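# Breakdown of the fold
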Amino acid sequence: MTFVVTEPCIQCKYTDCVAVCPMDCFMEGPNFLVINPDECIDCSVCVAECPVGAIVGDREIKPEQAHYLELNRTLSKHPDWRRITVRKEPLADHERWATVTDKLSLLER
């Protein structure tokens, strides 16, 4: 099993999760984080740190969010996405975006 960052992270990009990850397997894009599934050790420590519930296990992911597993895999290998290991401030409008759904079209690669 691996953990997956899903849609609630888009436009929010809270980074509390990266500070507790023992494997440093989070990668950062302009407005989203992903987990490298090949590096995740399934410890689940990051799950409780996400204030918007964006991180889920690959076996618990909702069917309508299942494409995020492959998206995490692909973007974690993207040359412009960098490893993130320390907490940063969330995006400027994070509070406004925290409860918005259907944000995939806003994902910046």
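Here we summarise the structure given alongside this text. Everything numeric in this text was worked out from a predicted model, so none of it was measured.

In this section: the overall build of the protein chain. In terms of regular secondary structure, the protein chain is built from three helices and five strands. For the protein chain, the N- to C-terminal ordering of α and β elements is β-α-β-β-β-α-β-α. A compact globule built from 109 residues would reach a C-alpha radius of gyration of about 13 Å, and the protein chain, at 12 Å, matches this within 12%. Looking at the 109 residues of the protein chain, the share that counts as buried comes to 44%. Put simply, 79% of the contacts in the protein chain that link residues at least 6 apart link residues at least 24 apart. In the structure as shown, the protein chain presents an accessible area of about 5,800 Å², 52% of it carried by carbon and sulfur atoms. Considering the protein chain, the positive charge centre built from 12 side chains and the negative charge centre built from 18 side chains are found 3 Å apart.

A word on the nonpolar core. Counting 27 residues, the largest nonpolar core has Val5, Phe26, Phe32, Ile35 and Ile55 as its most contacted members. Contributing elements (two or more residues each) for this core: strand S1 (3–5), helix H1 (16–20), strand S2 (26–28), strand S3 (33–35) and helix H2 (67–76). Once you skip the residues sitting within four places of it in the chain, Phe32 turns out to touch Val5, Thr6, Cys9, Ile10, Lys13, Met27, Tyr68, Leu71, Leu75, Trp81 and Leu107.

The next subject is the sheet that holds S2. If you walk across this open sheet you meet the three strands as S3-S2-S5, and the pairing is antiparallel. Each end of this open sheet is capped by a strand with a single partner; those strands are S3 and strand S5 (82–83). Examined bridge by bridge, S2 and S5 share two bridges and lie antiparallel to one another. Within S5, the residue paired with Glu28 across the bridge is Arg82.

So, about the pattern of salt bridges. Pairing between side chains of opposite charge can happen when the charged atoms of each approach one another. Enumeration according to the criterion identifies eight salt bridges in this entry. The partner of Asp16 in a salt bridge is Arg87, and the shortest N-O contact between them spans 3.4 Å. Here the residue Asp16 occupies a position in helix H1, and Arg87 occupies one in the loop between S5 and helix H3 (94–97), the gap between them amounting to 71 residues. Of the charged contacts, one joins Glu28 and Lys88 as a salt bridge, the two residues approaching to 2.8 Å between their closest N and O atoms. Of this pair, Glu28 sits in strand S2 while Lys88 sits in the loop between S5 and H3, placing them 60 residues apart in sequence.

This part takes up H2. Taken as a whole, H2 has its buried residues at Tyr68, Leu71, Asn72, Leu75 and Ser76. Summarising the axial view, the buried residues of H2 lie within an arc of 120°, below the 170-degree limit, and thus occupy one face. Of the surrounding secondary structure, the elements contacted by the buried residues of H2 are S1, S2 and S3.

Reading the values: the criteria
- Residues numbered from 1 in each chain as written.
- Predicted model: local features only at pLDDT ≥ 70, side-chain atom pairs only at ≥ 80, totals over all residues.
- Heavy atoms only, no water.
- Helix = DSSP H or I, 4+ residues; strand = E, 2+ residues; numbered from the N terminus.
- Rg over C-alpha atoms; globule rule 2.2 N^0.38 Å.
- Buried < 20%, exposed > 50% of the residue type's maximum accessible area, 1.4 Å probe, protein only.
- Contact = heavy atoms within 4.5 Å.
- Areas by Shrake-Rupley, 256 points an atom, 1.4 Å probe, with all protein chains shown as cover.
- Lys, Arg positive; Asp, Glu negative; His and termini not counted.
- Charge placed at Lys NZ, Arg CZ, Asp CG, Glu CD.
- Core = buried A, V, L, I, M, F, W, Y, C linked by side-chain atoms within 4.5 Å.
- Pairing = 2+ DSSP bridges.
- Salt bridge = Lys/Arg side-chain N within 4 Å of Asp/Glu carboxyl O.
- Arc of directions from axis to C-beta.

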